[in-house]
Amino acid sequence: MSWKQAEYSGWGRALRASGELARPERARHLAAVMAASPSPAIGNRRSYGDACLNSGGKAVDLTRLDRILGFDEDTGLLDVEAGVGIGALADIFAPRGWLPPVMPGTGYATVGGCIANDVHGKNHHNDGTFGAHVESFTLVTPNGEETVRADDALFGVSVAGLGQTGAIRSARIAMKRAKGDVMIVTERRIADWDEHLALLDASEATYTVGWVDATARGAGLGRGILEEGETGSGLVPRPKGAKSVPLDAPGFALSPPVVRLFNEAYWRRVPGNGRTVVKPINDFFFPLDKIRDWNRLYGKTGFHQFQCVVPLDAAGALRAIMEKITRAGIASPLAVLKRMGPGRAGLMSFPMEGYTLAVDFPNRGRAAELVRSLVRDTADAGGRIYLAKDSLAEPETVAAMYPERAAWAKAVATIDPDGQFETDLTRRLKLRAP
Amino acid sequence: MSETWIILGATSSMARAFTRAVAARGDGVLLAGRDLDDIAASTADASARGAPLAEAMAFDARDPETFAPIIDRARALDGPVSVAVFVGSMPPQEAIDADPALVDGTITDSYTGPARFLQAIAPLIEERGAGTVVGVGSVAGDRGRIGNYVYGSAKAGFHTYLAGLRNRLGRSGAHVVTVKPGFVDTAMTWGIEGMFLVAHPDKVAADILTAVKRKRNVIYTPFFWLAIMTIIRHIPEPIFKKLSV
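Basis of the calculations
Residues numbered from 1 in each chain as written. Chains lettered and ligands numbered in written order. Predicted model: local features only at pLDDT ≥ 70, side-chain atom pairs only at ≥ 80, totals over all residues. Heavy atoms only, no water. Helix = DSSP H or I, 4+ residues; strand = E, 2+ residues; numbered from the N terminus. Rg over C-alpha atoms; globule rule 2.2 N^0.38 Å. Buried < 20%, exposed > 50% of the residue type's maximum accessible area, 1.4 Å probe, protein only. Contact = heavy atoms within 4.5 Å. Areas by Shrake-Rupley, 256 points an atom, 1.4 Å probe, with all protein chains shown as cover. Lys, Arg positive; Asp, Glu negative; His and termini not counted. Charge placed at Lys NZ, Arg CZ, Asp CG, Glu CD. Domains from an automatic or database assignment. Buried area = accessible area lost by both parts, 1.4 Å probe. Salt bridge = Lys/Arg side-chain N within 4 Å of Asp/Glu carboxyl O. Polar contact = N/O pair within 3.5 Å; in protein donor to acceptor, adjacent residues only side chain to side chain. Expected span 1.5 Å × (residues − 1). Pairing = 2+ DSSP bridges. Nonpolar A, V, L, I, M, F, W, Y, C, P; charged D, E, K, R; others polar.

So, the overall build of chain B
Now for step 1: Within chain B one finds 9 helices and 7 strands.
Now for step 2: Taken over the C-alpha trace, chain B has a radius of gyration of 18 Å; the compact-globule value for 245 residues is 18 Å, and the two agree within 12%.
Now for step 3: If you line up chain B on its principal axes, its C-alpha atoms span 55 × 35 × 30 Å.
Now for step 4: Per-residue burial over chain B gives 53% buried out of 245 residues.
Now for step 5: For chain B, the share of sequence-separated contacts (at least 6 apart) that also reach a separation of at least 24 residues comes to 71%.
Now for step 6: Accessible surface for chain B amounts to roughly 10500 Å². Of this, 57% is attributable to carbon and sulfur atoms.
Now for step 7: Computing the positive centroid from 25 side-chain charges and the negative centroid from 25, chain B places the two 10 Å apart.

As structure tokens, this is what we get:
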């Protein structure tokens, strides 16, 4: 297996790595790579920070192991190789009445990445995380292959395990019934913070998410759009091919005045008394995938995403976090508020019952300083930050947010005693420390 | 009565991409190659993506004994039979310089093996009066270069063979497409220095399928390789022999 020296980064492009990559195309080649030089597995590198980076070391790209290995039309059980994208699965199976059980915000996320980060979607309040729908997976380690089932102790170590227990080669997933391959989406304008939380609390839809205007202050704090979706059948025009961003945008593209104008227009796009629209599945779940390489809009310095979750009773602290963000005035239009249920499938899973807020910031000026202070505020509120998004947190803060970290690190050490699967993320946050 | 594609060299990433493209439009596939474990995964993938028939078949360009069972299987199926050839091997030129015996294997994999298979199946294609042969050659076959002239010469022979086969099969309603890919992002090119304008296998597969539908004779993929190779083909030999392109 040949190795290629490469410069690569996560989706946020603020952190970069230089190291050797292998990209096996067959199961046998993956096993050979893992036996000869055990290295962390990576996928389409849609985590934002350094979860998918191994500077100065090696990493194994699994994107060419992306085949469907079997599907049972009666039970919805799907066997796939881990490099397949969630969006590809939605495209293939939605017309047949099935969807991936949980879909993150991009269809380019791979099944392996969805397990390793135990991702959540717009249905987290109903269905929990991705890991909750995984029946088993095949793990490749230097010692060979191992099938891990949902009731094995290793399951909760590998799910949300950030690749630290080896490469996930394939998985069996319980797909979710869909009424058809379109989404019926109800959009409502939300005037302020209190209404936003109240509507999220009251939503009974299968899929719910709130877009929040992270530049609106004062009486308009927390204004946004509530989107509630259900699958349905119908006919909508086939989505056009994705447009791409051909080059790194200049700094003013997402400057504060531009973002304020954009957000105002985006908010007013939905009529005052709301509307119901029919959309292709991908437009609802992966709206940003319509612009390929949209991360280049942030210019060559990249961006940071801050995503936290706080318990239900810490809603006041989350409001204070939102106020701090709007005062700073440097947020991008990409900001999301959502209510989470308690579902989590791994020791290191992000979700807790409460409210989650995600906001992007161009990586310049005071952004890093602001995000670091938001991380501390989250810790003070008894919440946690999402490691798949993080590039700025500090080890002590994160250790306090993830009470099962030490137990997880101990279990990981039995599989990878020499730290061969460590990534820039696990080193930066000292996640593997005893 | 659906069309069935015999995919020779089914484990390559270009072949996988092309298999998906024809499976999605409802064609059956016989996936032929040496690594049957890997091909089993690809047959499952083709079925899930819409192929009404997907079977694994043993094929080794260097072992003509493996040819007849594939042709017999195709004969037992109704409908047009098409063949897409993705086999070939490209040992580093230095390895061939050190061991000239590697010339034989390179030429068998890239030219004479597939040619012998196509020669054997041509009567069946003629009998059905439809179908397409896709032969994947290479821009390396357009001119002998210091870096890989053994592989290039095998592909040049294959191009000429395909031209003759096109001349023959056209008379019975079948068609032959010669495909000349430039650099494609596959295991073969991973980590090789000096790659540029590298195309994704999905892009190449889409171009091939378009060429099949439009009955194109010879295509370069991505298209700009036509311009690059037109220039390279027209450099006078007295100058070309001194270059290292």
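Moving on, there is more to tell.
As for the domain arrangement of chain A
All names here are of chain A.
Now for step 1: Assigned domains of chain A: these are domain 1 (4-61), domain 2 (68-178) and domain 3 (182-398).
Now for step 2: Distance between the C-alpha centres of domain 1 and domain 3: 28 Å.
Now for step 3: Across the boundary between the two partners, domain 1 contributes 10 residues, which contact 18 residues of domain 3.
Now for step 4: The largest share of the area that domain 1 buries against domain 3 comes from Trp11, Arg13 and Tyr48, three residues that together contribute 59% of it.
Now for step 5: For the pair domain 1 and domain 3, the number of links is 1 salt bridge.
Now for step 6: As a salt-bridge pair, Asp248 and Arg13 come within 2.7 Å of each other at their nearest N and O atoms.
Now for step 7: At the junction of domain 1 with domain 3, the criterion picks out 6 residue pairs in polar contact (both at pLDDT 80 or more).

Observations concerning the pattern of salt bridges
Now for step 1: Tallying each qualifying case throughout the model produces 45 salt bridges over all chains.
Now for step 2: In this structure, Glu264 of chain A engages Arg223 of chain A in a salt bridge whose closest nitrogen and oxygen atoms are separated by 2.7 Å. In this pair, Glu264 of chain A is assigned in helix 7 (residues 256-268) and Arg223 of chain A in the loop between strand 13 (207-212) and strand 14 (224-232), connecting sequence segments 41 residues apart.
Now for step 3: Under the relative-accessibility criterion, Glu264 of chain A is labelled partly exposed at 29%.
Now for step 4: Residue Asp72 of chain B is joined to Arg75 of chain B by a salt bridge in which the shortest nitrogen-to-oxygen separation is 3.3 Å. Taken together, the positions of Asp72 of chain B and Arg75 of chain B, both in helix 3 (residues 67-75) and 3 residues apart, correspond to about one turn of that helix.
Now for step 5: Look at Arg75 of chain B and you get partly exposed, because its relative accessible area is 42%.
Now for step 6: Several salt bridges share partner residues, and in doing so they unite Arg23, Glu25 and Arg64 of chain A together with Asp185 of chain B into one network.

Considering the environment of Asp213 of chain A
Residues and elements named next belong to chain A.
Now for step 1: Looking at where Asp213 falls in the secondary structure, it is placed in the loop between strand 13 and strand 14.
Now for step 2: Put simply, Asp213 and Lys279 are 66 residues apart on the chain and 23 Å apart in space, counted from C-alpha to C-alpha.
Now for step 3: Residues in contact with Asp213, not counting those within four places in the same chain, are Arg223, Gly224, Asn263 and Met322.
Now for step 4: At a separation of 2.6 Å, a polar atom in the side chain of Asp213 contacts the side chain of Thr215.

Here we look at helix 1 (residues 13-24) of chain B
Given 3.6 residues per turn, any residue in an α-helix points the same way as the ones three and four places further on.
Residue and element names in this part refer to chain B.
Now for step 1: Over its 12 residues, helix 1 runs 17 Å from end to end, which matches the ideal 16 Å to within 8%, given 1.5 Å per residue.
Now for step 2: The element helix 1 is largely enclosed, with a buried count of 10 among its 12 residues.
Now for step 3: For helix 1, the full list of buried residues reads Ser13, Met14, Ala15, Arg16, Ala17, Phe18, Thr19, Arg20, Val22 and Ala23.
Now for step 4: After helix 1 finishes, the residue Gly26 shows a positive phi value of roughly 95 degrees.

Quick word on the sheet that holds strand 2 (residues 16-22) of chain A
All names here are of chain A.
Now for step 1: Across the sheet, which stays open at both edges, the 4 strands sit in the order 1-2-4-3 with mixed pairing between neighbours. The open sheet has two edge strands with one neighbour each: strand 1 (4-9) and strand 3 (41-42).
Now for step 2: Bridge count between strand 3 and strand 4 (residues 58-61): 2 bridges; the pairing is parallel. Across the sheet, residue Ala41 finds its bridge partner in strand 4, namely Val60.

Brief notes about the interface of chain B and chain A
Now for step 1: At the junction of the two partners, chain B supplies 19 residues and chain A supplies 16 residues.
Now for step 2: Taking both partners together, chain B and chain A bury about 1700 Å²; carbon and sulfur atoms supply 44% of that area.
Now for step 3: Contact with chain A buries surface across chain B, with Arg16, Ala48 and Trp190 of chain B losing the most and accounting together for 38% of the total.
Now for step 4: At the junction of chain B and chain A, the tally comes to 6 salt bridges.
Now for step 5: One salt bridge connects Asp185 of chain B with Arg64 of chain A, and the closest N-O pair in it is separated by 3.6 Å.
Now for step 6: Linking chain B with chain A are 16 residue pairs in polar contact (both at pLDDT 80 or more), by the criterion used here.
Now for step 7: Only helix 1 and helix 2 (36-48) of chain B provide two or more residues apiece to the side of chain B that touches chain A.
Now for step 8: Looking at the side of chain B that touches chain A element by element, the count peaks at 6 residues for helix 2 of chain B.
Now for step 9: Residue composition of the side of chain B that touches chain A, grouped by class: 6 nonpolar, 6 polar and 7 charged.

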